[in-house]
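Architecture at a glance
One letter stands for each residue in the lines below.
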Amino acid sequence: VQLQASGGGSVQPGGSLRLSCATTGGGVTRPVMGWFRQVAGKEREFVTAVGYSALTKYYADSVKGRFTISRDSDENTVFLQMNGLKPEDTAIYYCAVRRPPYRSPTLSPGDYAWWGQGTQVTVSS
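Residues numbered from 1 in each chain as written. Predicted model: local features only at pLDDT ≥ 70, side-chain atom pairs only at ≥ 80, totals over all residues. Heavy atoms only, no water.

**Observations concerning unusual backbone geometry**
Each neighbour pair has its own omega, and for proline 100 with proline 101 the value is 15°, a cis peptide bond. Along the chain, proline 101 falls in the loop between β9 (91–98) and β10 (112–115). (Helix = DSSP H or I, 4+ residues; strand = E, 2+ residues; numbered from the N terminus.)

Written out as structure tokens, the structure reads:
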């Protein structure tokens with residue numbers, strides 16, 4: 001399974017970015033997918049995740065109301081729409097896939113088997 005993340009960049013506080021993560025290979029369909037972020041010297045932290053059913057979505061309290069996770073119609077691509085960005089959102093963002101047959105998202109990085117390469121998001125004035 002390969003994951004390709006894109007869409008990072010630099011924005012001013014209050015700005016928006018949209019990340020995408022495409023999953024290919026491995027024969028997986030509509031996998032549980034999550035976004036995590038990491039700052040140098042800190043542990044990787046959960047941001048959001050979507051389950052097999054796109055109706056099941058979890059968000060970290062720090063991003064609720066500002067970030068939205070969604071799936072593309074091909075079901076193997078997810079997007080992370082980030083609005084109202086704050087300097088504390090600055091991090092490398094990683095997408096991840098949970099190994100089937102699990103269908104529920106979780107908050108623990110250890111539950112995800114495959115990871116994308118990471119994309120940098122910088123929020124500063």
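**Notes on the environment of methionine 33**
Relative to the helices and strands, methionine 33 resides in strand β4 (residues 33–38). Look at methionine 33 and you get buried, because its relative accessible area is 0%. In this structure the C-alpha to C-alpha distance between methionine 33 and threonine 119, which are 86 residues apart in sequence, comes to 16 Å. (Buried < 20%, exposed > 50% of the residue type's maximum accessible area, 1.4 Å probe, protein only.)

**Quick word on the environment of cysteine 21**
Structurally, cysteine 21 can be placed in strand β3 (residues 17–24). Accessibility expressed as a relative area gives 0% for cysteine 21, which makes it buried. Separated by 103 residues in sequence, cysteine 21 and serine 124 have C-alpha atoms that sit 24 Å apart. Residues contacting cysteine 21, with those up to four places away along its chain left out, are Leu3, Gln4, Ala5, Met33, Trp35, Asn76, Thr77, Val78 and Cys95. (Contact = heavy atoms within 4.5 Å.)

**Concerning the state of the cysteines**
Following the criterion strictly, the structure yields one disulfide and no others. Covalently, cysteine 21 is tied to cysteine 95 through a disulfide, its sulfur atoms 2.1 Å apart. Taking the torsion about the S-S bond as the criterion, the cysteine 21 to cysteine 95 disulfide, at about 65°, is right-handed. Of this pair, cysteine 21 sits in strand β3 while cysteine 95 is found in strand β9, placing the two residues 74 residues apart along the sequence. For the pair cysteine 21 and cysteine 95, one class covers both residues: buried. (Disulfide = S-S within 2.5 Å.)

**Examining the nonpolar core**
Soluble globular proteins: nonpolar side chains tend toward being buried together. Counting 30 residues, the largest nonpolar core has Trp35, Phe67, Leu80, Met82 and Tyr93 as its most contacted members. Taken together, the elements giving at least two residues each to this core come down to β1 (2–6), β3, β4, β5 (45–50), β7 (67–71), β8 (77–82), β9 and β11 (119–123). Take this core: its biggest share by element is five residues, from β9. With sequence-adjacent residues up to four places away left out, tyrosine 93 is seen in contact with Leu19, Trp35, Phe36, Arg37, Val47, Phe67, Leu80, Met82, Gly118, Thr119 and Val121. (Core = buried A, V, L, I, M, F, W, Y, C linked by side-chain atoms within 4.5 Å.)

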